[in-house]
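Listed below are the residues making up each chain.
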Amino acid sequence: MSMKATSSKKESHSMRIAFEMNMDESYVQCMLDLLEDAIRTIQKKDNGGLSYEELYRNAYTLVLHKHGARLYKLMRDVIEEHLQKDVRVIVQNALYNNFLEALNTQWQDHKVSMQVIKDVFMYMDRVYVKNNKVDEVQDLGLKLFKELVVHHPPIKQHLTSTLLDLVSKERKGEIVDRSAVKATCEMLMALGVKTRSVYEENFELPFLEVSGEFFKMESQQFLRENSASVYVKKVEARITEEAERAKHYLDPSSEGPITNVVERELISVHMKTIVEMENSGVVYMLKNGKVDDLKLMYNLFGRVENGHQCMCDAMKGYIRKCGEALIGSDVDNTVAYVQSLLDLKGRFDEFLKNSFCNDHIFKQAISSEFEHFLNLNPKSPEYLSLFIDDKLKKGTKGLSEQDIEKVLDQSIVLFKFLVDKDIFERYYKQHLAKRLLYNKSVSEDAEKAMISKLKTECGCQFTCKLEGMFKDISISNTNMEKFREFNKNTGSPGTLDLSVRVLTTGYWPTQACKTICKLPKEAESAFEKFKAFYLKEHSGRQLNLQPNLGNADLHAVFYQTKDDVTTTKKHIFQVPTYQMCILMLFNRKESYTYQELIEESSIPEKELKRALLPLVIGRPQYRILQKSPKTKEIASSDVLSINDAYTSKLIRVKIQTVAGTKGESDPDRQETRQKVDDDRKHEIEAAIVRIMKARKEQEHNVLISEVTRDARIAWFDTC
């Protein structure tokens, strides 16, 4: 049958070739035989004389005439025969002699031959394979090589064991043929036809299983023979080695799985043991400042789940132990005590920065532990205030403005950890008041910088009274200038150089004295003169003297007789107001009993004893008075007189009553706590009023919850 052209010239041109639709069977068989011989020739690599154009045309003709199934079966049978009778035999014969080399050689030959066969049967691929949904020529070649060669039981078993053996040898330091292993892994990946199934089945899964056992044994050996830091370094090296192996001659996709195995067996399983190693674990590293070792461990443990948390738990235990040891020790010097806390915080801040990369988990742990043990000591608010007081006083040696700023920043860090911030506020007000009234501040800028830091942390309500204290001092300085100008203009400057600070009630931590001591006539006269001047300027106000907060400079002359020769020695004593009142009494009388001093001075007995102790049994340069009998306690019958034998190398001598670094006595501390508790009661009452005004009606339990939250914001929380 032939097809004839139509009248269309274009159609006649496009269909001018005619085919015989019913081909003779002998002709079909002839073409099949020709193609079969060609495939065998290609597989033998003796295909130089083949006409690929003719072969392609024959395959094309067979497919076009519906003989695609016979052609496909022929191709498959020839490939199978070649793989079974030639390739598999060659590989099996080389099982124990250059096995991988032989396998890879046959694989490379098979790939080349299949590429040529694919080109010959290209039309079959495009038509028959696509329509019948069978394997493409290339994929068929991969599938058959996998099934008939690689998955042939003896070869499959030997292939897996050979690859694992080579990896094991290299892990032990032997040199192996990496290129052979790499080529084999590439072959297994190719045989998976766009999947990893063949590679996983024949190598990766057994490889990971064997590796797990290997690293399990190795981890035990590492733990027995090495310290924690050395163990970490060896594990890091092992992870790097395994990753490099996967990149260089295994399939790169194996890097993740093998790294996970190493991390599991060398880190996850043993991380608690590593962290708690005696004389080398985390605690040892922290004690001995092993910053670099801690950083290595931090980086390594970051690879596994809960690794950082495990390290953090060990660090928390050590911080708590160190902190509780400091808190539980006897405190002879509060400044040294707080400095020890700051040093401890500084140490762990260095670890946080240089070893733990400012990790939030570690930062939070350090903060929580410091907050825990700092608040175990109820005296911490007082001690911190004393520490700041020491740094802000005049005469602090060796501290520049930058040093003071740094110390204040560190102090604020500890302040953040305090729960009883209102107690700190009360002590800070007391100490600030003394610095301002006695002109002891190292600088006004430093004082205001500290208040600014407190304001940033706790808000303006926390510092409004502190700022009011500074305002009072400024106004008092202005008032004294006006008073001196007034004295100058009236021609009555007086016998005393008087300086008065007018303090606003509510700003300062003072209370009106129940008993006003008897001032010397000169001091009394000067004060009354200022009082009249002030009240004239500020009518309607009331001034109450606070002798417990004042001080004075006394010019004293001691007469000493030796060998009938009388000499004089002059000193200037800087003393509190109570001591001034006591010493001035001895201008009228040479000696007094303790009871007479109480009556003559009207100083409360508690304050009188506190004022007398340094004058009688204090340091030698303080002993202006002498007591009879000479005991360490002062009794009502004791007689006190001027110590004519007093001597000091200094002209100006400052008499101190209580050492500023030892804190309050227990009774004073209880009194301060009681005042704070009273203030808290007022805060609670105010909170109840605020809430009930807003709510009008509220359930009791809900009210308690809201009041507690509101009160805590007022007392403790930072802004």
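Residues numbered from 1 in each chain as written. Predicted model: local features only at pLDDT ≥ 70, side-chain atom pairs only at ≥ 80, totals over all residues. Heavy atoms only, no water.

Turning to the overall build of the protein chain, a few remarks are in order. Helix and strand counts for the protein chain stand at 29 helices and six strands. Taking all 719 residues of the protein chain together, 43% fall into the buried category. For the protein chain, the share of sequence-separated contacts (at least 6 apart) that also reach a separation of at least 24 residues comes to 72%. If you sum the accessible surface of the protein chain, you get close to 39,700 Å²; carbon and sulfur atoms cover 50% of it. (Helix = DSSP H or I, 4+ residues; strand = E, 2+ residues; numbered from the N terminus. Buried < 20%, exposed > 50% of the residue type's maximum accessible area, 1.4 Å probe, protein only. Contact = heavy atoms within 4.5 Å. Areas by Shrake-Rupley, 256 points an atom, 1.4 Å probe, with all protein chains shown as cover.)

All right, on to helix α15 (residues 291-301) then. Turning to α15, its buried residues number three or more, namely Asp 293, Leu 294, Met 297, Tyr 298, Leu 300 and Phe 301. Along α15, the residues classed as buried sweep out an arc of 165° about the axis, all on the same side. (Arc of directions from axis to C-beta.)

Here the focus is the nonpolar core. One finds Met 75, Phe 121, Phe 145, Phe 203, Met 297, Met 311 and Met 315 to be the most contacted residues of the largest nonpolar core, which totals 146 residues. If sequence neighbours within four positions are ignored, Phe 145 has contacts with Leu 83, Val 87, Leu 103, Gln 106, Trp 107, His 110, Val 150, Met 187 and Leu 191. Listed in part, the 34 residues of the second largest apolar core include Leu 519, Ala 523, Cys 581 and Ile 582. (Core = buried A, V, L, I, M, F, W, Y, C linked by side-chain atoms within 4.5 Å.)

Right, let's get into the sheet that holds strand β1 (residues 551-562). Taking strand neighbours across the sheet as the criterion, the three strands line up as β1-β2-β6 in an open arrangement whose pairing is mixed. Every interior strand has two partners, whereas the edge strands, β1 and β6 (652-654), have only one. Neighbour-to-neighbour, the strand axes of the sheet open up by a mean angle of 30°, direction not taken into account. In the packing of helix α25 (residues 577-585) onto the sheet, the strands contacted are β1 and β2 (565-576), and the crossing angle to β2 comes to about 150°. (Pairing = 2+ DSSP bridges. Axes fitted to C-alpha atoms, helices over the stretch in contact; angles between N-to-C directions.)

In space, the three strands of this open sheet follow the order β3-β5-β4, with antiparallel pairing throughout. Here the strands that pair on one side only, and so sit at the sheet edges, are β3 (591-593) and β4 (625-628). Between one strand axis and the next, the sheet turns by 25° as a mean value, whatever way the strands run. In terms of strand pairing, β3 meets strand β5 (residues 639-642) through three bridges, oriented antiparallel. Looking across to β5, one finds that Ser 591 is bridged to Ser 641.

A separate point is the packing of aromatic side chains. Applying the stated rule across the entire model yields 28 aromatic pairs. Here the aromatic rings of Tyr 298 and Phe 362 are separated by 5.7 Å at their centres, their planes lie at 70°, and the arrangement is edge-to-face. One end of the pair, Tyr 298, is in helix α15; the other, Phe 362, is in helix α18 (residues 360-374), with 64 residues separating them in the sequence. For the pair Tyr 298 and Phe 362, one class covers both residues: buried. Here the aromatic rings of Phe 558 and Tyr 646 are separated by 5.1 Å at their centres, their planes lie at 25°, and the arrangement is stacked. In this pair, Phe 558 is assigned in strand β1 and Tyr 646 in the loop between β5 and β6, connecting sequence segments 88 residues apart. (Phe/Tyr/Trp six-rings, centres within 6.5 Å; stacked < 30°, edge-to-face > 60°.)

Look at helix α12 (residues 255-268): 18 Å from first C-alpha to last across 14 residues, which is about the 20 Å you get at 1.5 Å a residue. Residues Ile 258, Thr 259, Val 261, Val 262, Glu 263, Glu 265, Leu 266 and Ile 267 constitute the buried set of α12. Along its buried surface, α12 packs onto α8 (153-171), α10 (197-225), α11 (228-248), α13 (271-275) and α15. (Expected span 1.5 Å × (residues − 1).)

Mean pLDDT over the protein chain stands at 84; residues scoring 70 or higher make up 90%. The low-confidence segment residues 1-20, where pLDDT is below 50, has eight contacts with residues more than four positions distant or belonging to other chains. Contacts from residues 713-719, a stretch scored under 50 in pLDDT, to residues over four places away or in other chains number 20 contacts. (pLDDT = per-residue confidence, 0-100.)

For the rest of this paragraph, the subject is the pairing of β1. Where a strand is regular, its side chains alternate between the two sheet faces. Bridging between β1 and β2 involves twelve bridges; their strand directions are antiparallel. Paired with Leu 554 across the two strands is Phe 573, which belongs to β2. In this antiparallel pair of consecutive strands, β1 and β2, the connection spans two residues, and Asp 563 shows a positive phi of 55°.

Throughout the structure, instances matching the rule amount to zero disulfides. Take Cys 460: it sits in no disulfide, and the sulfur closest to it among the cysteines is that of Cys 464, at 7.2 Å. According to the relative accessible area criterion, Cys 460 is exposed, its value standing at 52%. (Disulfide = S-S within 2.5 Å.)

So, on to the packing of helix α17 (residues 334-354) against helix α20 (residues 401-417). The interhelical angle for the contact between α17 and α20, taken along N-to-C directions, is 95°, at an axis separation of 10 Å. Of the possible angle classes, the one that applies to α17 and α20 is roughly perpendicular. Contacts from Val 338, Leu 341, Leu 342 and Lys 345 in α17 reach Gln 410, Ser 411, Val 413, Leu 414 and Phe 417 in α20. When grouped by side-chain class, the residues that make up the contact of α17 with α20 number six nonpolar, two polar and one charged. (Parallel < 35°, antiparallel > 145°, perpendicular 65-115°, else oblique. Nonpolar A, V, L, I, M, F, W, Y, C, P; charged D, E, K, R; others polar.)

On to the pattern of salt bridges. One side chain can pair with another of opposite charge once the charged atoms of both are near each other. Going through the model one piece at a time under the given rule, you end up with 41 salt bridges. Between Arg 245 and Glu 170 there is a salt bridge whose closest N-O contact spans 3.0 Å. On the criterion of sequence distance, the pair formed by Arg 245 in helix α11 and Glu 170 in helix α8 is long-range, its members being 75 residues apart. Each of the two residues, Arg 245 as well as Glu 170, counts as buried. Here the residues in one salt-bridge network are Glu 170, Arg 171, Arg 178, Glu 218, Arg 238, Glu 241, Glu 242 and Arg 245, joined through shared partners. (Salt bridge = Lys/Arg side-chain N within 4 Å of Asp/Glu carboxyl O.)

Here the focus is empty space enclosed by the protein. By rolling a water-sized probe across the atoms, one finds the places where empty space is left. The full count for this structure, using the stated rule, is one cavity of 30 Å³ or more. Taken as a whole, the largest cavity holds about 40 Å³ of empty space. Considering the residues around the largest cavity, the lining is formed by Tyr 337, Val 338, Leu 341, Leu 374, Ser 380, Tyr 383, Leu 384, Leu 414 and Leu 418. Those elements that place two or more of their residues in the lining of the largest cavity are α17 and α19 (380-392). Looking at side-chain class alone, the lining of the largest cavity contains eight nonpolar, one polar and no charged residues. (1 Å grid on protein atoms, 1.4 Å probe; cavity = no way out; pocket = protein on both sides within 12 Å on 5 of 7 lines; lining within 4 Å. Points joined across faces, edges and corners; volume = space filled by probe spheres on them.)

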